[in-house]
There are 2 protein chains.
Amino acid sequence: MTREITERLIDAAEGRRECDLVIRNAKVVDVCNKEVFEADVYILSGMIVGFNGKRKARAEHDAKGRFLIPGLIDAHCHIESSHLSPSEFSDAVVPCGTTTVIADPHEICNVTGLDGMAYMLKASEDIPLSVFLMFPSCVPATPFEHAGAILNAPDIEKYIDNPRVLGLGEMMNYPGVISKDPVVMEKLETAYKRRKNIDGHAPSITGTSLDGYAAAGITTDHECETPEELHDKVRKGMYVMLREGTACRNVLQLLPGVNERNASRILFCTDDRQPQSIVNDGHVNYGLSLAIRNGLDPVTAISMATLNAAICYGLSDRGMIAPGKRADFILTSSIDNGIEPEEVFILGKLAAENGRIIAKAPHTEPVGVSGKMDVKDFSEEKLSLRPGSDHVRIIDIIPGGVVTGNGEGWIKRDEKGEWIHEDEKDILKLAVIERHHGTGNVATALIRGYGMRHGAVAVSIAHDSHNIIVIGDNNSDMVKAVEKLIAIGGGITMYKDGRELGTHRLEIAGLMTDLPLEDVTKCLSQMHEKAYQELGVSKEIDPFMTLCFMALPVIPSLKLTDCGLFDVNAFSFTDIAIKD
Amino acid sequence: MTREITERLIDAAEGRRECDLVIRNAKVVDVCNKEVFEADVYILSGMIVGFNGKRKARAEHDAKGRFLIPGLIDAHCHIESSHLSPSEFSDAVVPCGTTTVIADPHEICNVTGLDGMAYMLKASEDIPLSVFLMFPSCVPATPFEHAGAILNAPDIEKYIDNPRVLGLGEMMNYPGVISKDPVVMEKLETAYKRRKNIDGHAPSITGTSLDGYAAAGITTDHECETPEELHDKVRKGMYVMLREGTACRNVLQLLPGVNERNASRILFCTDDRQPQSIVNDGHVNYGLSLAIRNGLDPVTAISMATLNAAICYGLSDRGMIAPGKRADFILTSSIDNGIEPEEVFILGKLAAENGRIIAKAPHTEPVGVSGKMDVKDFSEEKLSLRPGSDHVRIIDIIPGGVVTGNGEGWIKRDEKGEWIHEDEKDILKLAVIERHHGTGNVATALIRGYGMRHGAVAVSIAHDSHNIIVIGDNNSDMVKAVEKLIAIGGGITMYKDGRELGTHRLEIAGLMTDLPLEDVTKCLSQMHEKAYQELGVSKEIDPFMTLCFMALPVIPSLKLTDCGLFDVNAFSFTDIAIKD
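Asker: Sorry if this is basic, but what is going on with the packing of helix α8 (residues 207-215) of chain A against helix α1 (residues 3-13) of chain B here?
Answerer: Two measures define how a pair of helices packs: the angle their axes make with one another and the distance between the axes. Direction vectors running N to C along α8(A) and α1(B) enclose 175°, while the axes themselves pass 8 Å from each other. Classed by the angle they form, the pair α8(A) and α1(B) counts as roughly antiparallel. Each of A:D211, A:G212 and A:A215 in α8(A) lies in contact with α1(B), whose residues at this interface are B:T6, B:L9, B:I10 and B:A13. Here the contact of α8(A) with α1(B) is built from residues that sort into 4 nonpolar, 2 polar and 1 charged.

Below, the structure written as structure tokens:
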């Protein structure tokens, strides 16, 4: 807060100065007392002045008895998962009632390093949505792949004092923490020195195993899957987030663990929400609504999505409707069946109405993060797949999640030992093509359960290193798909019999686009439709998102990086051939 | 937290390093889930490592099923009110389970200015009790008196970046805030710039009147007297403290306003507790126990006295029993009827046992804050009291509080117009002698209800400027009492017929002593006894504390400063004589 604005608010509170706006006849959700009260809410210079009283205001807005709720705070997300640039993301989520996000830009930083951090800060600086960043702690995620950058403590030091950088992003390297890996400890130390937050990521870690991780000062966790896990992490002093993403959905799993007594330690987050999920279901308000519809007291739930996140991240200027706080709020007719924002105000100005953005965010030129595809010597020959045996390891897609099975099977090989696709078997070739450093790395493997009969699909989103990943039954379509992505600087594309079936361009780091959400979802819907209809992809899975997770070597069981087939449980590379 | 200690904790959590101590068979009070669980608690380097598991420890301590509670945090106090130096205060309150205090040294700063701030920081630096300070915001409290110092924004700037200075102390100048007094706003601005806390002090201010004060970013309030006031201040975003001091006791008044839904916004504080209150009833644990005995859930109450205060003041290393947090805790057999600490541990070491201090605090030489009494030309003549009428204004003592009545009455005067004491009337002379700047100021007035028949009592504690205040029926004893205080550098003394009945020396700024609590209370008890028995002071009042508040011109109705008789309701000086 500044003295100048404070003095204006004092004058307005005392009736010595006209307010900008009064919202009349509101049912204000008081997240501190956890109750609802009726009031006129006065606003000046984007901030709340106070309630009722004989004050004047230049403009009035009649809430007509609707609920006035603090703007929602997404406690942890990756904007990149929306495929949208920060400005388009703002236009997309503000209508859902999200007015503040704490974002970890670790996807773009894996591709473009500090340029990604600089871009995300700049592109989110003057937009209606408040964007705070956590500096990504794990770039690259593992040493088993080539990412676009390596970010260590000296890089963190360059950004962590920025007032919009609230600390260190999710520390996924749990083993590095408990083994006191010096590189990890140096990163943590940057946050210790400044008493800034460190977000956690500790799936299934509980009990005594959790002690060392918690003792390292990890502030939050968003990877709980059971009420017991939530309970244990709260006990260990962590704030726990109820995550409702597109792939990972934990609200209903965790809800039985939330009660009035521990609610002040629980937040909401979206982590990764795909564009279609935002369009169809909403953003933070979706998880929040789910919790309410499944029995959580609405005001308690709202306090978790507002006040608690503000407290956890030290955002003392928001999270409640009170004098001196930001006038970020939602008007809605009901809170008992979830939160559907009818109007969203940011800094006291109408920003969205009935799901449509009004306060469109200005765009920022994507400097240093656009379109570079440093792929060396790519050719059909690089897609060669010659296992040393007909008995092979196969990545088994498991619908509904990002875990894969470590499968096996029998294949046919030609006279050169090259894998032969068999129409009657749902086994396809998967390849990962390094795109950051021109290493020329291409790794191939076999994958089952995708359903596609003929053609190729390629994407430049492949967690966390975001190399190009391509799936197909024939090298020709696969090469065309990869070359298309190289030509356009990244995105999603599909080929069949040499013909392009559809392409979705992601010109920012191969991850995001500066197109509006509607265009993105329209294009993706058409492509989804074609993937199912023309390529025959299994309807049990998402044709594109499934591929995005096939290169992630920290999720069991069998994955493919640009360096080869990786057995996650053994935490080492493995051979495609099974030597009997 | 530091990397070095964190690494040790991680090693210990993983069983790679021996712990210092394990507390076996404890019922741990989990203030995050608000429940109790049974565990062995491992400790290393003064911090909690974790619970249970196959770990080793050099020493064990059997809790025998007792409750293990986080060390209590006093969210707002003035150490000076205990009459004890910080080291002796530590010895006094640690046995009560208080392990952290947030102290506003505004008494000593009113006497000695920045030297007082420096002394309080130094004297509390390496003692078992954790002492954090709020920089006093209102020195002097009013312009109607001479204090020892004037502290403004440039003075605050010198200290506010100290990591043990958490912000600005109670902003008593409510009118200054809402009138945007530039001097006040400059002070507030020092906290705004650093996003530090600003404690509030807003007795009876609610509704629209509160908006401007809350909008100024005031973080807390400890002056609520009704549940409605508490409720309104919580609504306006402030943390509200349940205060249980010696004179001001609000726990029972406010308790009906506290419930499970707003409990996370409520803290406990003592504000001003006299030495006898600490000895007889305890410290923060007294207010906490009172709340529990009157129906507040014990674990909720404990969370208010621990976690909530830690959150409010950003003390992320304490307030709960969890890995990586300070091993400050209490062991006690029961929590259902209040908290009587049987053992108190600080940084994992036994600090007190059954009410006795074990970890005695080292003393600090009181440099720049000792004994100076700059009183100029004091003589019997200065005590002259010649009202211009027999009909006079009289300060009426009202037992049980610090408010006085604006009384009147008829007196006798001698031929020179000098007031004559009448044995049958309970009217005495009160005088305030300026002691900081040698102004020679002495003001006199009449006071009723003290009960003393013959003699004089003088004290050098007189809120907030702490000039010498003396009461008596005759000038001779009054002069002797004042001269005694000047000679010893401050304290409390009583005279009768020229004979000293007892003296309690307060050699640090005339407010505190470096003697142990037991000596202080023993001396004070004897003096209380003599005041009642030999001087005939009314048993309805405390003979010394009553005097301490007679010079405080912000508490209604009639008070006396070194500048004269002050009508608090009219907020101006007034005449003793009533001109009919």
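Asker: I'm lost on the environment of B:F566 in this one. Help?
Answerer: Residues and elements named next belong to chain B. Mapping F566 onto the fold places it in strand β29 (residues 564-567). C-alpha of F566 to C-alpha of P556: the two residues are 10 residues apart in sequence and 9.4 Å apart in space. Discounting chain neighbours no more than four positions away, the residues touching F566 are F144, P553, S557, L558, K559, F571, S572 and F573.

Asker: Explanation requested: the relation of the copies chain A and chain B in the structure shown.
Answerer: The pair of chain copies shares a relation made of a rotation about an axis and a shift along it. When chain A is fitted to chain B, the residual RMSD is 0.1 Å, and the transformation amounts to a turn of 180° plus an axial shift of 0.0 Å. Both chain copies can therefore be described as sitting about a two-fold axis. By residue overlap, the copies meet face to face through one surface: 100% of the interface positions of chain A are interface positions in chain B.

Asker: Any chance you could explain the packing of aromatic side chains here in plain terms?
Answerer: One pair of aromatic rings is described through two measures. These are the centre distance and the angle between the planes. In the structure shown here, the tally under the stated rule is 18 aromatic pairs over all chains. Pairing A:F566 with A:F573 gives two aromatic rings, centres 5.2 Å apart and planes at 80°, and the pair type is edge-to-face. Ring geometry for B:F329 against B:F345: centres 4.7 Å apart, planes inclined by 15°, an arrangement best described as stacked. Of the two residues, B:F329 is situated in strand β14 (residues 329-332) and B:F345 in strand β15 (residues 343-346); the sequence distance between them amounts to 16 residues. When its relative accessible area of 0% is taken as the criterion, B:F329 is described as buried. Under the relative-accessibility criterion, B:F345 is labelled buried at 4%.

The rules we used
Residues numbered from 1 in each chain as written. Chains lettered and ligands numbered in written order. Predicted model: local features only at pLDDT ≥ 70, side-chain atom pairs only at ≥ 80, totals over all residues. Heavy atoms only, no water. Axes fitted to C-alpha atoms, helices over the stretch in contact; angles between N-to-C directions. Helix = DSSP H or I, 4+ residues; strand = E, 2+ residues; numbered from the N terminus. Parallel < 35°, antiparallel > 145°, perpendicular 65-115°, else oblique. Contact = heavy atoms within 4.5 Å. Nonpolar A, V, L, I, M, F, W, Y, C, P; charged D, E, K, R; others polar. Least-squares fit on C-alpha atoms with pLDDT ≥ 70 in both. Phe/Tyr/Trp six-rings, centres within 6.5 Å; stacked < 30°, edge-to-face > 60°. Buried < 20%, exposed > 50% of the residue type's maximum accessible area, 1.4 Å probe, protein only.

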